[in-house]
Amino acid sequence: DWSSDVCSPDLRWRGQIGLPPASEADILAAAKPGKVGADEAQRFVMVSPDGAKSTDAFLVPKNGSTWFCKLSGDTAAVQAQADAFTKFLAQAKLP
């Protein structure tokens, strides 16, 4: 089930930056479309409650697996690298 593939890591990542758990519906509503190479992805951008930490993650279901591409760290650094991260992933090729 794609929603469980998305919700489990999203909940873990939320906890890593101090965000409270979210419902499956809220997690799925927060997903934005993205691409990793030719593959469709779901993108999640999260910021800690104090604004200090962020995560920008792409999840890609492919061939029975789910691939995770994640950038996390200080919010200023994550935001500064978001475009480069997105461009890099657009050129990536998953097996």
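Residues numbered from 1 in each chain as written. Predicted model: local features only at pLDDT ≥ 70, side-chain atom pairs only at ≥ 80, totals over all residues. Heavy atoms only, no water.

### A word on the sheet that holds strand E3 (residues 53–62)
Strands belonging to one sheet form pairs held by backbone hydrogen bonds; the direction of such a pair is parallel or antiparallel.
Thinking step 1. Spatially, E1-E2-E3-E4 is the arrangement adopted by the four strands of the open sheet, whose pairing is antiparallel. At either end of the open sheet lies a strand with only one pairing partner, and these are strand E1 (32–36) and strand E4 (65–74). Each adjacent strand pair in this sheet contributes to an overall mean axis angle of 30 degrees, direction not counted.
Thinking step 2. Across ten bridges, the pairing between E3 and E4 is antiparallel. (Pairing = 2+ DSSP bridges. Helix = DSSP H or I, 4+ residues; strand = E, 2+ residues; numbered from the N terminus. Axes fitted to C-alpha atoms, helices over the stretch in contact; angles between N-to-C directions.)

### Here's the deal with the side chain of Thr75
Thinking step 1. On the secondary structure map, Thr75 appears in helix H3 (residues 75–91).
Thinking step 2. When residues no more than four places from it in sequence are discounted, the contact partners of Thr75 are Val47, Gly51, Ala52, Lys53 and Ser54. (Contact = heavy atoms within 4.5 Å.)

### Quick notes on the pairing of E1
Thinking step 1. In this structure, E1 lies alongside strand E2 (residues 39–47), joined through five bridges in antiparallel fashion. Within E2, the position partnered with Lys32 by the bridge is Arg43.
Thinking step 2. What sits between E1 and E2 in their antiparallel hairpin is a turn of two residues, with Gly37 showing a positive phi close to 60 degrees.

### Considering the confidence of the model for the chain
Thinking step 1. Residues with a pLDDT of 70 or more make up 94% of the chain, whose mean pLDDT is 92.
Thinking step 2. Looking over the chain, one finds the lowest element-wise mean pLDDT in helix H1 (residues 2–16), namely 77, and the highest in H3, namely 98. (pLDDT = per-residue confidence, 0-100.)

### Things to note about unusual backbone geometry
Thinking step 1. Despite not being glycine, Asn63 shows a phi value in the positive range, around 50 degrees.
Thinking step 2. Checked against the element boundaries, Asn63 lands in the loop between E3 and E4.
Thinking step 3. Judged by its relative accessible area of 67%, Asn63 falls in the exposed class. (Buried < 20%, exposed > 50% of the residue type's maximum accessible area, 1.4 Å probe, protein only.)

### Let's talk about the pattern of salt bridges
Between side chains of opposite charge, pairing is possible as soon as their charged atoms come close.
Thinking step 1. Under the counting rule described, the total for this entry stands at four salt bridges.
Thinking step 2. Here Asp39 and Lys62 are joined by a salt bridge, their closest N and O atoms 3.3 Å apart. Note that Asp39 is positioned in strand E2 and Lys62 in strand E3, a separation of 23 residues in sequence. One exposure class covers both Asp39 and Lys62, and it is buried.
Thinking step 3. The residue Asp56 makes a salt bridge to Arg43 at a minimum N-O spacing of 2.6 Å. (Salt bridge = Lys/Arg side-chain N within 4 Å of Asp/Glu carboxyl O.)

### Looking at H3
Thinking step 1. Along its 17 residues, H3 runs 24 Å from first to last C-alpha, staying within 8% of the 24 Å computed at 1.5 Å per residue.
Thinking step 2. At Ala82, H3 is deflected by roughly 50 degrees, the largest bend along its length.
Thinking step 3. Every buried residue of H3 is accounted for by Thr75, Val78, Ala82, Phe85 and Leu89.
Thinking step 4. Contact partners of the buried residues in H3: E1, E2, E3 and E4. (Expected span 1.5 Å × (residues − 1). Bend = angle between axes of the 7 residues up to and from the residue.)

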